Each structure stands twice: as structure tokens, then as C-alpha cells.
Amino acid sequence: GAVVSQHPSRVICKSGTSVKIECRSLDFQATTMFWYRQFPKQSLMLMATSNEGSKATYEQGVEKDKFLINHASLTLSTLTVTSAHPEDSSFYICSARLGDRGGKLFFGSGTQLSVL
Amino acid sequence: GENVEQHPSTLSVQEGDSAVIKCTYSDSASNYFPWYKQELGKGPQLIIDIRSNVGEKKDQRIAVTLNKTAKHFSLHITETQPEDSAVYFCAASKGRTGGFKTIFGAGTRLFVKA
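Calculation notes
Every chain is numbered independently, its residues counted from 1 as its sequence is written. Just so you know, chain letters begin at A and ligand numbers begin at 1, following the order they were written in. At least 70 in pLDDT is required for a residue's local features to be given in this predicted model, at least 80 for side-chain atom pairs to be given and counted, and no such filter applies to totals for whole chains, interfaces and linings, which use all residues. Side-chain metrics rest on all non-hydrogen atoms present in the structure, leaving aside hydrogens and water. Put simply, a salt bridge is a Lys or Arg side-chain nitrogen that is within 4 Å of an Asp or Glu carboxyl oxygen. A run of H or I in DSSP counts as a helix once it spans at least four residues, and a run of E counts as a strand once it spans at least two, with each numbered from the N terminus. Three exposure classes are used, based on accessible area relative to the maximum for each residue type with a 1.4 Å probe and protein chains only: buried under 20%, partly exposed in between, and exposed over 50%. Any pair of residues with heavy atoms lying within 4.5 Å of one another is described as a contacting pair. Each Phe, Tyr or Trp ring (for Trp, its six-membered ring) is paired with any other whose centre lies within 6.5 Å, and the angle between the two planes then decides the class: stacked below 30 degrees, edge-to-face above 60, tilted in between.

Concerning the pattern of salt bridges
Residues and elements named next belong to chain B.
So, step 1. Using the criterion set out here, one finds 9 salt bridges over all chains in the structure.
So, step 2. Close ionic contact of Lys-94 with Asp-27 constitutes a salt bridge, the shortest N to O distance being 3.0 Å. Taken together, the residues span a long stretch of sequence, with Lys-94 in the loop between strand E9 (86-93) and strand E10 (102-104) and Asp-27 in the loop between strand E3 (19-25) and strand E4 (32-38) at a distance of 67 residues.
So, step 3. Here Lys-57 and Asp-49 are joined by a salt bridge, their closest N and O atoms 2.9 Å apart.
So, step 4. By relative accessible area, which is 35% here, Lys-57 ends up partly exposed.
So, step 5. A relative accessible area of 5% means that Asp-49 is categorised as buried.

Set out below in C-alpha cells:
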């Protein structure tokens, strides 16, 4: 099956620091990856669409200077939360689209970010 | 914009009983409907999906039905087991037309009592 690896699984940082989260498709190439944010007991909220070799497309209300996305290769997308604050604490999940299956999404295991 | 409504928010069943989760989508251009299972602290896992040219699909104890006219789709789990306890999300996508964006329902927390 298609495997998506996301690291780190958990990170605790001080307010004002930046945190980078990596999302890798291990056994397939993903031209499109998606980043989501999930609050406790809530659904997944799409933050941005990451396209290999081009700028990410952000959803309305998501600050692109706050959440930097880079999709430098067909197997790696990164999300950097810049100058993190306690309100950025959340569960962040990436997904990768398996191109030859017309849109099937496979998810990483998520990153729990806690900003002190 | 596209909206997916999911019911119930919580479902409790006895082991061995069936569980049904229902979803409604708003955009008639949606053509792909996946279902995901999410366990605590983990990412969602694709369990079954259905495309708009199919009315029903089954995989062992799991089945999904789609009514395009009514814009309804449902997940059916038979002979439930305690390990089926998790949060289930339905979703809808317009495929390439919609940039492969997937819109999720609010989720159903399923409890299977042994």
C-alpha cells in the first residue's frame, strides 16, 4: 500500500520559535500534498495544497507567512510554523495524493504541536 | 462552497451489531467519496471509497452506498468488533476539477461495546 511518513510525531517548543514538519511519500511520487489542522474532537481543516515545484495554495484565513510550505521534490513536502504561539498548538496532518489512483489520499500519522 | 454533513456525531453499538453512518454533500460535481477511520493520536486511514459511477461497494464487513440524486452516501459496518471503535470521517472530492481537494464531514465517534 501507499505509505506516507510524517515527522516529528510530537514537538514541544517555546513561543517565538519555528517548527518544521516533514511529510514524505515513501513508495510513490506525489505531485500534490495537502496539509490539515485538527483540533481535539473536530474534523480536519484543510490549510493548504502543496504542489511540487510551485507555490502552495492556501485556504482562506490561513496565513501563508505564518505557515510556510515547501514541496521541493515529488516525495517531500514541509510545513514550517514560524514564530509559533500557543494558539498554534494543534494536531497537524499531511496527506499525499496517489496520482495513478485518481485522487486517493493517504495520510501521515500526524504531528502534535504544543507551544508553551 | 462544498459542504459535507455527517450523522450521527456519536454512535454506540453492541459487539456484533451493525453500524450505519450517513453523509450528505452539497456540490453535485463531487465524484469521489472516501471514508476514513481515525484512531486516537493517529492520522486518518482510508478504509473504503466509492466513485460516482457506482451505487454500492463492499469490502468484507464494510460497505458504502451512494445515492447521487439525493446526494447521500452511507457507510455500513456489519458484525462490529471492539477494534472498530474509532472516529470515522466521510469525505467528498471533485477530483481534478476541484484540484483534488477533499472536504471532510465532522466525524462520527463509534463505540463498540464488548
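With respect to the environment of Ser-9 of chain A
All names here are of chain A.
So, step 1. Mapping Ser-9 onto the fold places it in the loop between strand E1 (4-7) and strand E2 (10-13).
So, step 2. Between the alpha carbons of Ser-9 and Gln-112 there is a distance of 6.2 Å; along the sequence they are 103 residues apart.
So, step 3. Excluding residues that lie within four positions of it along the chain, Ser-9 makes contacts with Gly-110, Thr-111 and Gln-112.

Description of the packing of aromatic side chains
So, step 1. This model, assessed by the stated rule, comprises 12 aromatic pairs over all chains.
So, step 2. Plain terms: the ring middles of Tyr-36 of chain A and Phe-107 of chain A are 5.6 Å apart, the flat faces sit at 45° to each other, and that makes the pair tilted. Of the two residues, Tyr-36 of chain A sits in strand E4 (residues 32-38) while Phe-107 of chain A sits in strand E10 (residues 104-107), which places them 71 residues apart along the sequence.
So, step 3. Ring centres of Trp-35 of chain B and Phe-73 of chain B lie 5.6 Å apart, and the angle between their planes is 65°; on these two criteria the pair is classed as edge-to-face. One end of the pair, Trp-35 of chain B, is in strand E4; the other, Phe-73 of chain B, is in strand E8 (residues 72-77), with 38 residues separating them in the sequence. Judged on exposure class, the residue Trp-35 of chain B and its partner Phe-73 of chain B are both buried.
So, step 4. Grouped by ring-pair contacts, the aromatic residues Tyr-36 and Phe-107 of chain A together with Tyr-36, Phe-89 and Phe-104 of chain B constitute a single cluster.

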